[in-house]
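Residues per chain are reported as follows:
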Amino acid sequence: MNKIKLSVIVPIYCVEKYIGNLLNSVTPNLLPGIEVILVDDGSKDNCGSIIDDYQRKHKSYVKVIHKQNGGVSSARNVALSIANGEYISFVDGDDHIPSDYFTSIVSTLDKYGDPDLLIFDFYSVVGDNVTTEKCREFKEGFVDRKFFCKKNLDVATAAIASVCNKVVKKALITDICFDEKIKYGEDSLFFIDILSRLNKIVYLQKPLYYYHMNRESSLCVTKKLKEEIILFEEIKRRFESYKDNYQIVAIGRTARIGYDILKELYITNGHSNEIEYYERFIKGNLTNIVFNKNLNVSLKKHCLFVWLGIAKIYIQAKCRFKSRY
């Protein structure tokens, strides 16, 4: 029996319109050393029967799980519990992969001596327009661990935060799972949780994933204030842990989310205690925010307004002006 080098985990929920494209892209990658785990997360359409048919044709490489709907994190966690691969990668049910996905990943892992994490570029697809999204922060080859950790805590771009352009060694995540109470931002939290375990990180400057944007996919969740508040607390806790334990000060993502919440509370006249909580966080970290190279000038300006005590007046006046014109 061939040793499984890579387990590809695919959560699927009500993507019947796109699942054929995904499976067609998977087929050329069904080679010795790969297993594909398709998780039907309680789909209400025909996805379940479609992936069952596919599995019957490719029994040596494909596993199928049917479960009650629990969200993308739940689907990924169930698949992780049965994955046999030395490495794990993730593909969403409404995206697709190139025909050399598996061979490119394996050859890169071999070339660099089985790193803990592999990062690669991806294609962003909007309708007929395809754009290459690169991890511009890195050079091909080995990536400095501390630099990567800081970027993950600071920057929220898809290339940095997504799980879909990364391959991780399974031995490092046997006791880590996706947080099922988080409805958006679960990718970034998962990788932040394993940052301290990564020693050898490699970047491949090659697109190996097609990320389809602006689709009405049920795996994508619109941000809501309640969910942003939950994500803020989770990111904040991790920011403080890395600052205290690893001397990595990277407040970028925490500051962005915190200010977005505060802005919404200003506009909706939120409870004064809530407003004070987020204002206190921004004021207490203003120096790190102002001198953070990954934050844009606009956000720094608005955080300075918070410190000066004029942010609420500014935001509300701006909203009134927009409503008139």
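This structure is a prediction, so every number in the text was calculated from the model and none was measured.

Chemist: So what exactly am I meant to see when it comes to the environment of Cys-149 here?
Modeler: Assignment of secondary structure puts Cys-149 in helix α5 (residues 145-154). Residue Cys-149 is classed as buried on the basis of its relative accessible area of 1%.

Chemist: Would you mind going over the packing of helix α1 (residues 16-26) against helix α2 (residues 47-57) with me for this structure?
Modeler: Helix-helix packing is characterised by the crossing angle of the two axes and by the distance between the axes. Relative to each other, α1 and α2 sit at 15°, their axes nearing to 10 Å. Judged on the interaxial angle alone, α2 and α1 are roughly parallel. α2 is crossed by α1, and the crossing has right-handed handedness. Taken together, the residues of α2 that come into contact with α1 (itself represented by Glu-16, Ile-19, Leu-23 and Val-26) are Cys-47, Ile-50, Ile-51 and Tyr-54. Considered class by class, the residues forming the contact of α1 with α2 number 7 nonpolar, no polar and 1 charged.

Chemist: Can you help me understand the packing of aromatic side chains in this one?
Modeler: One pair of aromatic rings is described through two measures. These are the centre distance and the angle between the planes. If you walk through the whole model with that rule in mind, you get 16 aromatic pairs. Seen from their ring centres, Tyr-101 and Phe-120 are 6.3 Å apart, and the 85° between their planes marks the pair as edge-to-face. Here Tyr-101 is found in helix α4 (residues 101-111), whereas its partner Phe-120 is found in strand β5 (residues 117-126), with 19 residues between them in sequence. The two residues Tyr-101 and Phe-120 agree in class, both being buried. Judged by centre distance (5.1 Å) and plane angle (65°), the rings of Phe-232 and Tyr-278 are edge-to-face.

Chemist: How should I be thinking about the nonpolar core in this particular structure?
Modeler: Soluble globular proteins tend to pack their nonpolar side chains together in the buried interior. In terms of nonpolar packing, the biggest core is built from 101 residues, with Val-36, Leu-38, Tyr-101, Ile-105, Phe-120, Phe-148 and Ile-173 touching the most fellow members. With residues near it in sequence (within four places) discarded, Ile-173 still touches Leu-80, Ile-88, Val-168, Phe-190 and Ile-194.

Chemist: Please explain a positive patch on the surface as it appears in this structure.
Modeler: Together, Lys-263, Lys-301, Lys-318 and Lys-322 give the surface a local cluster of positive charge. With respect to the secondary-structure elements, Lys-263 resides in helix α9 (residues 252-267). The partly exposed category is assigned to Lys-263, whose relative accessible area is 37%.

Chemist: Would you mind going over the environment of Lys-3 with me for this structure?
Modeler: Here Lys-3 shows up in the segment before β1 (6-12). Sequence spacing of Lys-3 and Glu-86 is 83 residues, and the spatial spacing of their C-alpha atoms is 8.5 Å. Sequence-distant contacts of Lys-3, defined by excluding residues within four places in its chain, comprise Gly-33 and Glu-86.

What counts, and at which threshold
Along each chain, numbering runs from 1 in the same order as the chain's sequence is written. The model is predicted, so local features are restricted to residues of pLDDT at least 70 and side-chain atom pairs to those at 80 or more, both for listing and for counting; the totals for chains, interfaces and linings are taken over all residues. Only hydrogens and water are removed before side-chain values are computed, so all heavy atoms of the structure are retained for them. Strands here are runs of E lasting at least two residues and helices are runs of H or I lasting at least four, both read from the DSSP assignment and numbered beginning at the N terminus. Under the scheme applied here, a residue whose accessible area is under 20% of the maximum for its type counts as buried, over 50% as exposed, and between as partly exposed, the area being computed with a 1.4 Å probe on protein chains only. Note on definitions: angles span 0 to 180 degrees between N-to-C directions of axes, and those axes are lines fitted to C-alpha atoms, for helices only across the stretch in contact. These descriptions rest on fixed angle ranges, namely under 35 degrees for roughly parallel, over 145 for roughly antiparallel, 65 to 115 for roughly perpendicular, and the rest for oblique. Left-handed describes a crossing whose near helix is turned anticlockwise from the far helix through less than a right angle; right-handed describes the clockwise counterpart. By the convention used here, residues are in contact when the closest approach between their heavy atoms is within 4.5 Å. Amino acid classes used here: Ala, Val, Leu, Ile, Met, Phe, Trp, Tyr, Cys and Pro are nonpolar; Asp, Glu, Lys and Arg are charged; the rest, including Gly, are polar. Working definition: rings of Phe, Tyr and Trp (its six-membered ring) pair if their centres are within 6.5 Å, and the pair is stacked with planes under 30 degrees apart, edge-to-face with planes over 60 apart, and tilted otherwise. We call a set of buried residues a nonpolar core when its members are Ala, Val, Leu, Ile, Met, Phe, Trp, Tyr or Cys and they connect through side-chain atoms within 4.5 Å of each other. Like-charged residues within 9 Å of one another, or nonpolar side chains (Val, Leu, Ile, Met, Phe, Trp, Tyr) within 5 Å, are grouped into patches, provided each residue has over 30% relative accessible area and no salt bridge. Note on areas: these come from Shrake-Rupley sampling with a 1.4 Å probe, and a residue is covered only by the protein chains present in the view. Here a salt bridge means any side-chain nitrogen of Lys or Arg lying within 4 Å of a carboxyl oxygen belonging to Asp or Glu. His residues and chain termini do not enter the charge count, which takes Lys and Arg as positive and Asp and Glu as negative. Think of each charge as sitting on NZ of Lys, CZ of Arg, CG of Asp or CD of Glu.

Read these as spatial facts, not as claims about activity.
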